Amino acid sequence: MSAAIVQLRELRCHFASGEGLLAAVDGVNLDIKAGEVLGLVGESGSGKSTMGRIIAGLQPRSAGDLIIGGQAMPRHYSRRQFKAMSTQVQMVFQDSYASLNPRMTILASLQEPLWSQGVTGAVARDKACYWLERVGLPQSAGERYPHELSGGQRQRIGIARAFIAEPKLVICDEPVSALDVSVQAQIINLLQELQTEHNTAMLFIAHDLAVVRFLATRTAVMYLGEIVELGPTPALFEGPRHPYTARLLAAHLDGNIKARKVIAANTGKAAGHKAPLATDSGCRFAPRCPMAEPACSANPPWLRPTKVDTEAACHRLADIEILKLRK
Amino acid sequence: MKLLELDNLQVSIGPVQAVRDVSLSLAPGECRALVGESGCGKSVTAMSLLNLMPPTAQTNAARWDFAGRDMRQLSEREWRRIRGNEIAMIFQNPMTALDPTQTIGSQIAEPLRIHKGLSKREARMRAIALLERLAIANPAQRAAQYPFEFSGGMLQRAMIAMAVVCEPQLLIADEPTTALDVTVQAEVLSILRELRESSGTAMLFITHDLGVVAEIADSVSVMYAGQTVETGSLQDVFSREAHPYTQALKRAVPNMENPHRLEAIAGTPPDLRHPPKGCGFAARCCERMAICDQLPPNFPCESTAAHQARCWLWHPEHPARWRESEQ
């Protein structure tokens, strides 16, 4: 079970920007194990989508290694390599409308991943029909075009399309954040069913912490291109060690009216929100961190094991653990 | 004395009866959340309250009083004096709601010059002071910048500044935090709460996020298929929810404390071109009775005086009530 299907080693993705090299993903080490659901949370701009796109082969990396199924992947894929890779990794996008070809019927869109693997004709058609039904759509929907379906229905197609080629890993980039609450529940349940049924590994990218808490077995927290905390979901949510994780959890509104969160105005020095640069030294969270010391800005922290089975990248980890224990 | 009394608001746009029966009231300084899924008529209600619906829309209300005036009688000239002055609105997407060709400062100052007759210089000073209060660093420089130079959270704060600059009696906020990160959302909510406490502005807060509702609202109105189906205080609606739709909605949201299987609401909302004869929610309701399909529960049934649910379950002669009276 615990064989890693995807391994990231010092993965970096830098973009040229006006201020210098923008480090969207900066030195990420991560394993995605077979059959697990790995949640990836963080604010917008933290690099979580870029990371998903690199693994799916939609974005070339700048440096580091990407190993899928034990094979090192090239930085730029040839057509053939990309096809081979796409049998292992598939993606579900946030915008279900933009991710389907408006000029193709739903049934054709569903068969496309099969066609690219050389499965054609009646076999592909039957399989597509099966998947239509599996995700809870009537057969008649197959003859329709994307604009004729609702957002929830289109997202079901997006999911069927990702699972139909039986990949080892499905990357879900905010699959439910554009949907209504009641539809969101349907899609989350469907994803969970399919995941357990096929034992597919899933990288679930979201900013909604409750959804990640619900779905993910492990969770990684990203901040400005780096993973700052990583561990089993329950441990991470119950005992966050990194100050950023704690801040993120504190800002989450869980609909509990008995314990309204008193959020002080000016909590965020959001004005000091800076884009991460490749030349940064020290901890990127330090300017917003309540625990920051001058030393934090000198050297970058790295992931270290905590007492609760998670890993956190914080210079003051030892002090934080003492504080937590005292409570 | 209520600030706003709205009774049986109906808005139809061509063949679509977008709002079929919305009744709500607001006391000065009260924050009422208007909750519902997309397409249920929340935003149409908000736009109607500002008389901003297109001329093709037909609006009707049994009663529509604001600050002692009958709003149904007003001319467009009189409306212009109210909009942005006595009733102001925060729109969901600040990027499209702000003028890209004008500086932030002049957009915030504009209502002051129009409604309060302030000079350009004075209005500008007031705008800068307000930006500073909303925790924007270097407000004088920032006021001279254009919307594209602001981040999402800062734009939303600029939008808030524009809405509150004339100290309106009623502030309508249409999903003001939906597009924002959790940490920025927490900040915006705390700013709104502070403004409400300091100036006693009543607020109609439109959202589909129950977590946000629990955080900011005093009272809640739940909308479904163009009708307010449940109205009550925050405690009423969150801990003694009376309408089956509200109950279903709460079961569909993932909860951080006790992750349970999500119960999606089966089916889809009715087509508002041909609204159902009986209760709008009947087709998806697990408590459905024969009468639900035939007659709409058009009397707002009362569980207590302030807590009302539009549902046959709360009819005084429903068997459940008999048992209560016997006890």
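The structure displayed is predicted, hence computed values, not measured ones.

Engineer: Before we go on, may I ask you to explain the overall build of chain A in this structure?
Structural biologist: Secondary structure summary: chain A contains 10 helices and 12 strands in total. Here the C-alpha atoms of chain A give a radius of gyration of 21 Å, agreeing with the 20 Å that 2.2 N^0.38 yields for 327 residues. Judged by the C-alpha coordinates and their principal axes, chain A covers about 65 × 50 × 40 Å. The buried share among the 327 residues of chain A stands at 46%. Taking contacts inside chain A between residues at least 6 apart in sequence as the whole, the part at least 24 apart equals 66%.

Engineer: Teacher, can you tell me more about the overall build of chain B here?
Structural biologist: The secondary structure content of chain B amounts to 13 helices and 13 strands. In terms of C-alpha radius of gyration, chain B reaches 21 Å, essentially the compact-globule figure of 20 Å for 327 residues. Its C-alpha atoms put chain B at 70 × 50 × 35 Å along the principal axes. Counting across all 327 residues of chain B, residues that qualify as buried make up 50%. A fraction of 64% describes how many contacts in chain B between residues 6 or more apart in sequence connect residues 24 or more apart.

Engineer: I would appreciate a short explanation of the environment of Leu22(A) in the present structure.
Structural biologist: Residue and element names in this part refer to chain A. Here Leu-22 lies in strand S2 (residues 20-33). Owing to 19 C-beta atoms within 10 Å, Leu-22 belongs among the partly exposed residues under this scheme. For Leu-22 and Leu-8, which are 14 residues apart along the polypeptide, the C-alpha to C-alpha distance reads 20 Å. For Leu-22, the contacting residues outside a window of four places in its chain are His-14, Phe-15, Ser-17, Ala-275, Pro-276 and Leu-277.

Engineer: So what exactly am I meant to see when it comes to the confidence of the model for chain B here?
Structural biologist: Detailed reading of predicted coordinates is not advised where the pLDDT is low. The predicted model of chain B averages 89 in pLDDT, with 96% of residues at 70 or higher. Across the interface, the model reports ipTM at 0.75; the global pTM reads 0.84.

Engineer: Sorry, what's going on with the packing of helix H4 (residues 104-115) of chain B against helix H7 (residues 152-164) of chain B here?
Structural biologist: Between two packed helices, the angle of one axis relative to the other and the distance separating the axes together describe the packing. All names here are of chain B. Close contact between H4 and H7 brings their axes to 7 Å; oriented N to C, the two are set at 25°. The angle between H4 and H7 falls in the class roughly parallel. Crossing of H4 against H7: the hand is right-handed. Each of Ile-104, Gln-107, Ile-108 and Pro-111 in H4 lies in contact with H7, whose residues at this interface are Ala-158, Ala-161 and Met-162. In terms of residue class, the contact of H4 with H7 is made up of 6 nonpolar, 1 polar and no charged.

Engineer: What am I meant to see in the interface of chain A and chain B here?
Structural biologist: Accessible area lost on assembly of the parts is the figure often given for the size of an interface. Each side of the interface is counted separately: chain A has 36 residues, and chain B has 39 residues. Those elements that place two or more of their residues in the side of chain A that touches chain B are helix H6 (181-198), helix H7 (209-215) and helix H9 (243-251) of chain A. The greatest single-element share of the side of chain A that touches chain B, amounting to 6 residues, is contributed by H6(A). When grouped by side-chain class, the residues that make up the side of chain A that touches chain B number 17 nonpolar, 12 polar and 7 charged.

Engineer: What is the right way to read the nonpolar core from this model?
Structural biologist: Side chains of nonpolar character tend, in soluble globular proteins, to be buried together. Within the largest apolar cluster, 189 residues are counted, with the highest numbers of intra-cluster contacts made by Leu203(A), Phe204(A), Ile227(A), Ala158(B), Ala161(B) and Phe205(B). The biggest single contributor to this core is H7(B), with 9 residues. Other than its neighbours up to four places away in sequence, Ile227(A) contacts Val28(A), Leu30(A), Ala220(A), Val221(A), Met222(A), Leu303(A) and Ala313(A).

Engineer: What am I meant to see in the sheet that holds strand S8 (residues 201-205) of chain A here?
Structural biologist: Adjacent strands of a sheet form backbone hydrogen bonds with each other and so pair up, either parallel or antiparallel. Here we have 8 strands laid out as an open sheet, ordered S6-S7-S8-S3-S9-S10-S12-S11 (chain A), and mixed in their pairing. Among the strands making up the open sheet, the edge pair consists of strand S6 (89-92) and strand S11 (304-305) of chain A.

Engineer: Sorry, what's going on with the packing of helix H3 (residues 106-115) of chain A against helix H4 (residues 121-134) of chain A here?
Structural biologist: Residue and element names in this part refer to chain A. In contact at an axis separation of 9 Å, H3 and H4 are set at 125° when each is read in the N-to-C sense. Taken together, the axes of H3 and H4 lie oblique to each other. Considering how the two elements wind past one another, H3 and H4 form a crossing that is right-handed. The residues of H4 that touch H3, namely those facing Leu-107, Leu-110, Gln-111, Leu-114 and Trp-115, are Ala-124, Arg-125, Lys-127, Ala-128, Trp-131 and Leu-132. Taken together, the residues that form the contact of H3 with H4 break down as 8 nonpolar, 1 polar and 2 charged.

Engineer: Explain unusual backbone geometry to me, please; I cannot follow it from the model alone.
Structural biologist: Negative phi values dominate among residues other than glycine, just as trans dominates among peptide bonds. Residue and element names in this part refer to chain A. Its identity as a non-glycine residue notwithstanding, Glu-166 has a phi of 50°, on the positive side. Its place among the elements puts Glu-166 in the loop between helix H5 (151-163) and strand S7 (169-173). For Asp-309, which is not a glycine, the phi torsion comes out positive at approximately 75°.

Engineer: Looking at this structure, I do not really get the pairing of strand S8 (residues 170-174) of chain B. What am I missing?
Structural biologist: For a regular strand, side chains alternate in direction, first toward one face of the sheet and then toward the other. Residue and element names in this part refer to chain B. In terms of burial, S8 is a largely internal element, 5 of the 5 residues being buried. Strand direction decides the pairing type here: S8 and strand S9 (residues 202-207), joined by 5 bridges, are parallel. The residue bridging Leu-170 from the neighbouring strand is Ala-202, located in S9. Taking the sense of rotation as the criterion, the β-α-β connection linking S8, helix H8 (residues 182-199) and S9 turns out right-handed.

Engineer: Help me understand the environment of Pro139(B) in this model?
Structural biologist: Within the secondary structure, Pro139(B) is located in helix H6 (residues 139-143). The spacing of Pro139(B) and Gly105(B) is 34 residues in sequence and 9.0 Å in space, taken between C-alpha atoms.

Engineer: For this particular structure, what's the right way to read the UniProt feature "domain: ABC transporter" (unreviewed entry) in chain B?
Structural biologist: When the UniProt feature table is mapped onto this chain, "domain: ABC transporter" (unreviewed entry) is found at residues 4-250 of chain B. Secondary structure within residues 4-250 of chain B divides into 41% helix and 26% strand; the distance between the first and last C-alpha atoms comes to 28 Å.

Engineer: Is there a simple way to think about the sheet that holds strand S4 (residues 63-68) of chain A in this case?
Structural biologist: Residues and elements named next belong to chain A. Taking strand neighbours across the sheet as the criterion, the 4 strands line up as S2-S1-S4-S5 in an open arrangement whose pairing is antiparallel. The strands lining the two open edges of the sheet, one partner per strand, are S2 and strand S5 (71-72). Of the pairings in the sheet, the one linking S4 to S5 comprises 2 bridges and is antiparallel in character. Counterpart to Ile-67 in the pairing with S5 is Ala-72. Here helix H1 (residues 48-55) sits on the sheet in contact with strand S1 (4-17), S2 and S4, set at roughly 65° to S2.

Engineer: I'm lost on H4(A) in this one. Help?
Structural biologist: Note on helix geometry: an α-helix contains 3.6 residues per turn, so any two residues three or four positions apart are oriented the same way. All names here are of chain A. Between its terminal C-alpha atoms H4 stretches 20 Å, which fits the 20 Å expected from 14 residues at 1.5 Å a residue. Looking at H4, one finds that the buried residues are Ala-124, Ala-128, Trp-131 and Leu-132. Here the buried residues of H4 occupy an arc of 105° about the axis, which is enough to place them on one side. Turned more than 90 degrees away from the buried face of H4, the exposed residues are Ala-122, Val-123 and Asp-126. Looking at the buried positions of H4, the neighbouring elements they touch are H3 and H5. Looking at the residues trailing H4, positive phi occurs at Gly-136, about 85°.

Engineer: Whenever I open this one, the pairing of S2(A) confuses me. Can you help?
Structural biologist: Residues and elements named next belong to chain A. Alignment of S1 against S2, held across 11 bridges, turns out to be antiparallel. Among the inter-strand pairings, Ser-17 is bridged to a residue of S2, identified as Gly-20. In textbook terms, the turn of a hairpin is the stretch between consecutive antiparallel strands, and for S1 and S2 this stretch comprises 2 residues.

Cut-offs applied
- Residues numbered from 1 in each chain as written.
- Chains lettered and ligands numbered in written order.
- Predicted model: local features only at pLDDT ≥ 70, side-chain atom pairs only at ≥ 80, totals over all residues.
- Helix = DSSP H or I, 4+ residues; strand = E, 2+ residues; numbered from the N terminus.
- Rg over C-alpha atoms; globule rule 2.2 N^0.38 Å.
- Buried ≥ 20, exposed ≤ 12 C-beta atoms within 10 Å, placed from the backbone.
- Contact = placed C-beta atoms within 7 Å.
- pLDDT = per-residue confidence, 0-100.
- Axes fitted to C-alpha atoms, helices over the stretch in contact; angles between N-to-C directions.
- Parallel < 35°, antiparallel > 145°, perpendicular 65-115°, else oblique.
- Left-handed = near helix turned anticlockwise from the far one by under 90°.
- Nonpolar A, V, L, I, M, F, W, Y, C, P; charged D, E, K, R; others polar.
- Core = buried A, V, L, I, M, F, W, Y, C linked by C-beta atoms within 7 Å.
- Pairing = 2+ DSSP bridges.
- Right-handed = clockwise from strand over helix to strand, strands pointing away.
- UniProt positions renumbered as here; feature names shortened; annotations may be inferred.
- Expected span 1.5 Å × (residues − 1).
- Arc of directions from axis to C-beta.

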